[in-house]
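Given next are the chains, with one letter for each unit.
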Amino acid sequence: MKEKLFYAAMYLRLSRDDAAGGAKDSGGKASVKNESESIVNQRELIKAYIREQADIELYDSYVDDGFSGSNFDRPEFKRMMCDIEAGRVNCVIVKDLSRFGRDYIESGRYIQKTFPALGVRFIALTDCYDSFSADTGAGSIVLPVKNFINDSYCRDISAKVKSGLEVKRRNGECISPFAVYGYKKDEKNKNHLVADEYAAGIVRQIFKWKIAGMAVSAIAEKLNGLGILSPKEYKKSLGLKFNGGFRGAGKCLWGSASVKRILTNEIYLGHLWQGKTQKVNYKVKKIVERPREEWICVENTHEALVTEDDFRIVQNLLKADSRQGPGMEKYGLFAGLLFCGDCREQMVRRVVRYKGTGKVYYICSTKNRGDGCSRHSIEEETLKNIVEDTVKRYANTFLEGKRLLNRARAQGTGNFSEVSVYDRELRRLKAEQDRYHSLCDGLYDDLREGVVTKEEFERLRDGFEKKAAELREAQKKQENLIREMFRKGVLSEGKLKAFQACAELKEIDRHTLSSLVKRIYVYEGRRIEMEYYFVDPYQAMLADSVKQQALSAPRYIFSHE
């Protein structure tokens, strides 16, 4: 009887993780030469075996070089299975079980169920396993154990890789394969970001346009109109093999989503945010979002492209994205800043024409849609005059803090006694604490004179001391507020110069207004309420003066009759 002839598939595999166990180059990466040698060695070993077998003939080689054994989603393995199902291959030969796969369950399913059902012989040379003789030898017992060990190895490698990446993230090293738009990898240190001058200039311009009042969609249109390459196209133009998660036919253009991603990315403040996503586990490639509190942030790891003030202003403007009105040559002074005082919806710009002239008014958008509320109508010129006058007075008040800043600096930032003198709240807390201490002292006299019993004395004393302790803690918090204010440079020379420029302007421009004012609320009767930035820290120092009483709350109301 003629012996059955087997048509064999020679399956070869080496993953990056497997290669990492071998020799490394000077940069700590697995050597390409080492990886090639491993594949060559597997091939020669299997060829030598086939030459010695009279009943086996090589059909084809299948090489998955650089693919993990933790799953079977590999191109050459899939091609091999297609040949098996088509009847072209009825024998699979590998160097050892780990080359076939490291998933304990899937490897066992293929070797013990799928291959036998298809009449395929499976041979693992160095593990001395041959499915022809496994049922009568020790191989049937050893096979599950070895597959389990291979699976455990894969799990161990995955844990070590994750741990290593976590350390890099916490050390402020950028582990992303590509730098975010506006930056590039440092040639001397691939884990450090440096500014890409061309792209960084585009990022800065995008922030300037948004502060000027442009809508996100308008910024995208302008970038496309100027022929500026989108982040994906720019990376491709640099020769980078960049593949983002956003696919489309043809050339990738700027869109509202890509502009907004830039405007909301805190990396442009010089801080590195990483660990935003993670794989479900080492066997599943699915990526899931991690909650923000689990993200890893390391501050001041690279050059900032925008200031914290500008970034904060843009985040506020994004909450009420504006658009250019019909017939307007430039974006309005109040774009994204003007809201109805009652329903809190944005005000809309309307032009009323009469006998060839036109006046600009702002009205409530809710009323404009017919959904209720009232018009809250105010003429643009009237609103502009009120806001200009109010903002200039606000800036002048802040400038008076410069003398306080200079005095504090002369004494050293560690001495806050001069600052504390100006803090009305701190003085109130201290006076109230002293009053409770005096009440405690008076209790002793009352006890000696028999005015109170011992039980009443102890109860009242405990209450007074508890209240005094609470006030002492409140004082500490107030002092920490002032200390934090100086640590962050709230009264920095840069801000004071900005206030100085504002006070000296004959007409408030868009950038100055959006830099100081967070929101403007319009009520009926042309009464407005303005919400400013930089309020709380200054309030702690400047609320003492009668002239500065308007700064005693986070919003300041000015009426116009």
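This report concerns the structure included in the present document. Values in this document were obtained by computation on a predicted structure and should not be read as measured data. (Residues numbered from 1 in each chain as written. Predicted model: local features only at pLDDT ≥ 70, side-chain atom pairs only at ≥ 80, totals over all residues. Heavy atoms only, no water.)

### Examining helix α5 (residues 104–118)
In this model, α5 (15 residues) spans 21 Å end to end at C-alpha, consistent with the 21 Å of a helix rising 1.5 Å per residue. For α5, the principal kink sits at Tyr110 and spans about 35°. The backbone nitrogen of Ile105 has a side-chain oxygen 3.0 Å away, supplied by the residue at the start of α5, namely Asp103. Downstream of α5 by one or two residues, Gly119 has phi in the positive range, about 70°. (Helix = DSSP H or I, 4+ residues; strand = E, 2+ residues; numbered from the N terminus. Expected span 1.5 Å × (residues − 1). Bend = angle between axes of the 7 residues up to and from the residue. Polar contact = N/O pair within 3.5 Å; in protein donor to acceptor, adjacent residues only side chain to side chain.)

### Observations regarding the sheet that holds strand β1 (residues 6–14)
Read across the open sheet, the five strands follow the order β2-β1-β3-β4-β5; overall the sheet is mixed. Of all strands in the sheet, those with a lone pairing partner are β2 (56–65) and β5 (129–130), marking the two edges. Sheet analysis places β1 next to strand β3 (residues 91–94), joined by three bridges and oriented parallel. Bridging across to β3, Ala8 finds its partner in Cys91. Strand contacts of helix α3 (residues 75–85): β1, β2 and β3, with the helix running at about 150° to β2, the strand carrying the most contacts. (Pairing = 2+ DSSP bridges. Contact = heavy atoms within 4.5 Å. Axes fitted to C-alpha atoms, helices over the stretch in contact; angles between N-to-C directions.)

### Concerning the nonpolar core
Among the nonpolar cores identified, the biggest contains 62 residues, and Tyr181, Trp254 and Tyr268 are the most heavily contacted of them. Excluding residues that lie within four positions of it along the chain, Tyr268 makes contacts with Val180, Tyr181, Tyr183, Val203, Phe207, Ile262, Ala304, Leu305 and Val306. Ranked by size, the runner-up nonpolar core spans 20 residues in total, among them Met80, Val89, Ile111 and Val120. (Core = buried A, V, L, I, M, F, W, Y, C linked by side-chain atoms within 4.5 Å. Buried < 20%, exposed > 50% of the residue type's maximum accessible area, 1.4 Å probe, protein only.)

### Some thoughts on the packing of helix α7 (residues 197–211) against helix α11 (residues 308–318)
Packing of α7 against α11 brings their axes to within 9 Å, and their N-to-C directions diverge by 55°. Overall, the two elements α7 and α11 adopt an arrangement that is oblique. Crossing of α7 over α11 shows left-handed handedness. Only Asp310, Phe311, Ile313, Val314, Leu317 and Leu318 of α11 make contact with α7, whose side of the interface consists of Phe207, Lys210 and Ile211. (Parallel < 35°, antiparallel > 145°, perpendicular 65-115°, else oblique. Left-handed = near helix turned anticlockwise from the far one by under 90°.)

### Looking at the pattern of salt bridges
Within the structure shown, the criterion is met by 19 salt bridges. Measuring nitrogen to oxygen at the nearest pair gives 3.7 Å for the salt bridge that ties Arg99 to Asp96. Asp96 shares its class with Arg99; the two are buried. Here Lys168 makes a salt bridge to Glu173, at a shortest N to O gap of 3.5 Å. What makes Lys168 partly exposed here is its relative accessible area of 31%. Judged by relative accessible area, which is 24%, Glu173 ranks as partly exposed. (Salt bridge = Lys/Arg side-chain N within 4 Å of Asp/Glu carboxyl O.)

### With respect to the sheet that holds strand β15 (residues 378–379)
Overall, antiparallel pairing links the three strands, which are arranged β13-β14-β15 in an open sheet. Two strands close off the open sheet at either side, each with one partner strand: β13 (347–354) and β15.

### Some remarks on the packing of aromatic side chains
The full count for this structure, using the stated rule, is 22 aromatic pairs. On the basis of an interplanar angle of 55° and a centroid distance of 5.0 Å, the ring pair of Phe72 and Phe77 is categorised as tilted. For the pair Phe72 and Phe77, one class covers both residues: buried. Among the aromatic residues, those joined into a ring-pair cluster are Tyr11, Phe72, Phe77, Phe100, Tyr110, Phe115, Phe122 and Tyr129. Geometry around Phe6 places Arg121 over its ring, the cationic atom sitting 5.0 Å from the centre. Sitting above the plane of the Trp273 ring, Arg292 keeps its charged end 4.7 Å from the centroid. (Phe/Tyr/Trp six-rings, centres within 6.5 Å; stacked < 30°, edge-to-face > 60°. Lys NZ or Arg CZ within 6 Å of the ring centre and 35° of its normal.)

### Quick look at the environment of Ser377
On the secondary structure map, Ser377 appears in the loop between α12 (365–369) and β15. Among the residues examined, Ser377 registers a relative accessible area of 28% and is labelled partly exposed. The spacing of Ser377 and Val522 is 145 residues in sequence and 8.3 Å in space, taken between C-alpha atoms. Leave out the neighbours within four places in its chain, and Ser377 touches Tyr361, Tyr362, Ile363 and Arg526.

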